[in-house]
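Close look at the chain arrangement
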Amino acid sequence: MTDICTQGVDTGFVGLGYAKVAFLGLVQGITELLPISSTAHMRIVPAVLGWQDPGSAFSAAMQLAALAAVVSYFWSDVRGILFGSLGALIRRDFTDRHFRLAFWIVLATIPIVIAGVALSGVLNACNSPLRSLTVIGWACIAMAILLALAEIFARHRRSMGEASLSDALLVGIAQIGALIPGVSRSGSTLTAALGLGFKRAEAARFSFLLGLPAIALAGLKELWELHKVHLDAHGWSVLATGLVVASISAFFAIWGLMRVLERFSAWPFVIYRGLLGVVLLLGVATGWLA
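Residues numbered from 1 in each chain as written. Predicted model: local features only at pLDDT ≥ 70, side-chain atom pairs only at ≥ 80, totals over all residues. Heavy atoms only, no water.

Notes on the pattern of salt bridges
Side chains carrying opposite charge are able to pair once their charged atoms draw close together. This model, assessed by the stated rule, comprises ten salt bridges. Linking D93 and R91 is a salt bridge whose minimum nitrogen-to-oxygen distance equals 3.8 Å. By relative accessible area, which is 26% here, D93 ends up partly exposed. Relative accessible area serves as the criterion here: at 52%, R91 is assigned to the exposed category. (Salt bridge = Lys/Arg side-chain N within 4 Å of Asp/Glu carboxyl O. Buried < 20%, exposed > 50% of the residue type's maximum accessible area, 1.4 Å probe, protein only.)

Printed below as a string of structure tokens:
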């Protein structure tokens, strides 16, 4: 399998067609918001099935599906933050809790924006070394270990109402890890929030809300890149198919994640991530995964 590049932008998804992209959209939507790395699955699933790698542009654009799912699932929170902060701004009440949270979210987004711009030359380029299966495998294992440590040593007592600016900034800094394929945005931010002592479901809610601007910026940036390379109508329609399917599957993925965290713990994801990383490294070592 070879990568397909359009003026330096990885557009392998176009050659897959509607049915395959719909299937990958389903996988992407499920794994994007679970702490198990969607990038790892976007590399291993096509490799196992003998399909063309959909490319980094596909994974980045699919951020918009995650955005739609998070906004719809946490709509009451999003509405409160948006309209509550606007109302507070009009009243000049800068102590309002909605305004403070909105301000924290903006500040927490700055680290990943800076890092994303600094690494833009390699993140979504064709044949990016960061998308190698070896890098993804080790990243999966490293995050499994960190998430396990958070489960073992964290207190799991705090609610979002007790969050502070320093909490938001630390989770925002942890979000930088999402730039490394295999780390997972939800994995890095959930691990950080758990490490700060938040209850499991509250940690997920906090991390998802803080990640909204970064998710939106990543997805919109990739759409702009695809526009600049003049992706044709067929390519856009293939991408739209993946986005629709991914949006639906991502919504149910959030629902499932919240149920697991409310009733159990993050250990199922720790085990899955660790096993996935081992499979990837063994696949590379044995030549099963190229």
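Details of the confidence of the model for the protein
In this model, the protein carries an average pLDDT of 89, and 95% of its residues clear a pLDDT of 70 or more. The secondary structure element of the protein with the lowest average pLDDT is strand β1 (residues 5–6), at 61, and the one with the highest is helix α9 (residues 165–174), at 96. (pLDDT = per-residue confidence, 0-100. Helix = DSSP H or I, 4+ residues; strand = E, 2+ residues; numbered from the N terminus.)

Considering the environment of R155
Following the sequence through the fold, R155 ends up in the loop between α8 (133–153) and α9. Considering only alpha carbons, one finds R155 and L194, 39 residues apart in sequence, at a separation of 8.0 Å. In contact with R155, not counting residues within four places along its chain, are L196 and G197. (Contact = heavy atoms within 4.5 Å.)

Let's talk about the nonpolar core
Ranked by size, the top nonpolar core spans 45 residues in total, and within it L33, F206, F208 and I254 carry the most contacts. At nine residues, helix α11 (residues 200–228) tops the list of elements feeding residues into this core. The residues contacting F208, other than those within four sequence positions of it, are L33, V70, F74, S186, I254 and L257. (Core = buried A, V, L, I, M, F, W, Y, C linked by side-chain atoms within 4.5 Å.)

A short note on a nonpolar patch on the surface
Together, I145, L146, L149, I152, F153, W267, I271 and L275 make up a nonpolar patch on the protein surface, roughly 830 Å² of accessible area in all. Within the residue set of the nonpolar patch, elements represented by two or more residues are α8 and α13 (267–286). Sorting elements by how many residues they give to the nonpolar patch places α8 first, with five residues. As for its position among the elements, I271 is in helix α13. I271 gets classed as exposed once you look at its relative accessible area, which sits at 51%. (Patch = residues over 30% accessible without salt bridge, like charges linked within 9 Å, V, L, I, M, F, W, Y side chains within 5 Å. Areas by Shrake-Rupley, 256 points an atom, 1.4 Å probe, with all protein chains shown as cover.)

Notes on the packing of aromatic side chains
A full pass over the atoms with the stated rule returns eight aromatic pairs. Note on F13 and F58: the rings are 5.9 Å apart at their centroids and 35 degrees apart in plane angle, and the pair reads as tilted. With F13 in the loop between β2 (9–10) and α1 (17–32) and F58 in helix α3 (residues 56–61), this residue pair connects regions lying 45 residues apart in the sequence. The buried category is assigned to F58, whose relative accessible area is 0%. On the numbers, 4.9 Å between centres and 70 degrees between planes, the contact of Y73 with F74 is edge-to-face. For Y73, a relative accessible area of 23% gives the class partly exposed. A connected cluster of aromatic rings, assembled from ring pairs, spans Y73, F74, F208, F251 and F252. Sitting over the face of the ring of F198, R158 holds its NZ or CZ atom 4.5 Å from the ring centroid. (Phe/Tyr/Trp six-rings, centres within 6.5 Å; stacked < 30°, edge-to-face > 60°. Lys NZ or Arg CZ within 6 Å of the ring centre and 35° of its normal.)

Considering the packing of α8 against α13
Where α8 meets α13, the axes come as close as 8 Å, and the angle between the chain directions of the two elements is 155 degrees. On the basis of their axis angle, the class for α8 and α13 is roughly antiparallel. The element α8 and its partner α13 pack so that their crossing is left-handed. For the contact of α8 with α13, the residue count by class is 19 nonpolar, four polar and two charged. (Axes fitted to C-alpha atoms, helices over the stretch in contact; angles between N-to-C directions. Parallel < 35°, antiparallel > 145°, perpendicular 65-115°, else oblique. Left-handed = near helix turned anticlockwise from the far one by under 90°. Nonpolar A, V, L, I, M, F, W, Y, C, P; charged D, E, K, R; others polar.)

Here we look at unusual backbone geometry
A positive phi angle is found at S184, which is not glycine, with a value near 85 degrees. Structurally, S184 is set in the loop between α9 and α10 (185–195). We classify S184 as buried; its relative accessible area is 7%. Of note in the backbone geometry, H230 takes a positive phi value of approximately 60 degrees without being a glycine.

Side note on α1
Relative to the 22 Å expected for 16 residues at 1.5 Å per residue, α1 spans 21 Å between its end C-alpha atoms, a close match to the ideal helical length. G17, V21, A22, L24, G25, V27, Q28, G29, T31 and E32 are the residues of α1 that are buried. Those residues of α1 that are buried lie in contact with α2 (38–49), α3, α4 (63–73), α10 and α12 (233–263). (Expected span 1.5 Å × (residues − 1).)

Let's talk about the side chain of T31
Assignment of secondary structure puts T31 in helix α1. Overall, T31 belongs to the buried group, its relative accessible area being 4%. Side-chain polar atoms of T31 contact the backbone oxygen of V27, separated by 2.8 Å. Leaving out residues up to four positions away in the same chain, T31 has contacts with I36, S37, S38 and H41. (Polar contact = N/O pair within 3.5 Å; in protein donor to acceptor, adjacent residues only side chain to side chain.)

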